[in-house]
Amino acid sequence: MIEVRDLSKTFCLQDQTIPALKRVSFKLEGGRSLAICGRSGAGKSTLLHLLGGLDKPTSGSVIIDGQDITGMTEKQESRVKNNMGFVFQFHHLLKDFNILENVMMPLLIKGVKKKEAVSRALDVLQRVDIQDKKSRYPQELSGGEQQRAALARALVHNPKMILADEPTGNLDENNSRVVFELLCRLNHDLGTTLIVVTHSREYADKLDHRLILNFGEVAGYT
């Protein structure tokens, strides 16, 4: 269960105070999917970053499975983030490492033995249907294949929740559909909670819930 209570975020720019989010509140059951929608500048990415502990709110709370992550120490936050997978519009793959190595990287950093890391990386590459590209380098793959590799990297530690910020925004229509359907399948098959920032009404309508932001405020939640 994710519960957001009166979440606000203000940025200071020179002499100006800019409210990005204003008292946002909602609940999402574990294993469900949510689209965060709204115009550019509505606060969508800001909200996603706060949900993932990538930034701190000015006020309010983000409570995940009964734990308020906004008041945690860095060590406590790290444990919570181990249950999250992040996918962004830009894949951020390391160009000097092949796809298998890129997907293994989070496990190796955490001290997982190489044999186990290879096995788990191959498993998720098969899940996103690019296991045949494991020895290729990012620059040798299409945009859609690169984003699938980034999704595999986000899944390799078996997260309970995936946070995706415009994951199809840089892709053509066909690859966009493939990547989005992969996210939906993972949510359905694995019970992974899925939260997606998207401008697409078509994609938003395929998820369980929609949160609409307007100038940092909740304009609707269905």
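Above this text you will find the structure in question.
Anyway, here's the lowdown on the structure attached to this text. All values derive from a computational prediction rather than experimental measurement.

Focus on the sheet that holds strand E10 (residues 217-221)
Okay, step 1: As summarised here, the arrangement of the six strands in space is E6-E7-E8-E3-E9-E10, forming an open sheet in which the pairing is mixed. Both edges of this open sheet fall to strand E6 (84-88) and E10, since each of them pairs with a single strand only. With direction set aside, neighbouring strand axes in the sheet form an average angle of 20°.
Okay, step 2: Two elements, strand E7 (residues 161-165) and strand E8 (residues 193-197), share five bridges in a ladder whose sense is parallel. Bridging from a neighbouring strand, Met-161 pairs with Thr-193 of E8.

What to know about the packing of helix H5 (residues 143-155) against helix H6 (residues 173-190)
Okay, step 1: Packing of H5 against H6 brings their axes to within 9 Å, and their N-to-C directions diverge by 20°. If you check the angle between H5 and H6, you find them roughly parallel. You can see that H5 and H6 cross each other, and the crossing is right-handed. Of the residues in H6, those in contact with Gly-144, Gln-147, Arg-148, Leu-151 and Leu-155 of H5 are Asn-175, Val-178, Val-179, Leu-182, Leu-183 and Leu-186.

A word on the pairing of E10
Okay, step 1: The pairing of strand E9 (residues 209-214) with E10 spans four bridges and is antiparallel. Looking at E10, one finds that Ile-212 is bridged to Gly-220.
Okay, step 2: Hairpin connection, E9 to E10: the antiparallel pair is bridged by two residues, and Phe-215 has positive phi, about 50°.

Structural notes on the layout of surface pockets
Okay, step 1: The computed volume of the largest pocket comes to approximately 470 Å³.
Okay, step 2: In terms of lining residues, the largest pocket is bounded by 22 residues, among which Phe-86, Pro-106, Arg-153, Ala-154 and His-157 are the most central.
Okay, step 3: Put simply, the parts of the chain that give the lining of the largest pocket at least two residues each are helix H2 (74-81), E6, helix H3 (99-109) and H5.
Okay, step 4: Tallying contributions element by element places E6 first for the lining of the largest pocket, with five residues.
Okay, step 5: By residue class, the composition of the lining of the largest pocket is 11 nonpolar, eight polar and three charged.
Okay, step 6: In this model, the second largest pocket occupies a volume close to 300 Å³.
Okay, step 7: The element that contributes the greatest number of residues to the lining of the second largest pocket is H2, accounting for three residues.
Okay, step 8: For the lining of the second largest pocket, a count of residues per class yields eight nonpolar, seven polar and three charged.

Rules behind the numbers
- Residues numbered from 1 in each chain as written.
- Predicted model: local features only at pLDDT ≥ 70, side-chain atom pairs only at ≥ 80, totals over all residues.
- Heavy atoms only, no water.
- Pairing = 2+ DSSP bridges.
- Helix = DSSP H or I, 4+ residues; strand = E, 2+ residues; numbered from the N terminus.
- Axes fitted to C-alpha atoms, helices over the stretch in contact; angles between N-to-C directions.
- Parallel < 35°, antiparallel > 145°, perpendicular 65-115°, else oblique.
- Left-handed = near helix turned anticlockwise from the far one by under 90°.
- Contact = heavy atoms within 4.5 Å.
- 1 Å grid on protein atoms, 1.4 Å probe; cavity = no way out; pocket = protein on both sides within 12 Å on 5 of 7 lines; lining within 4 Å.
- Points joined across faces, edges and corners; volume = space filled by probe spheres on them.
- Nonpolar A, V, L, I, M, F, W, Y, C, P; charged D, E, K, R; others polar.

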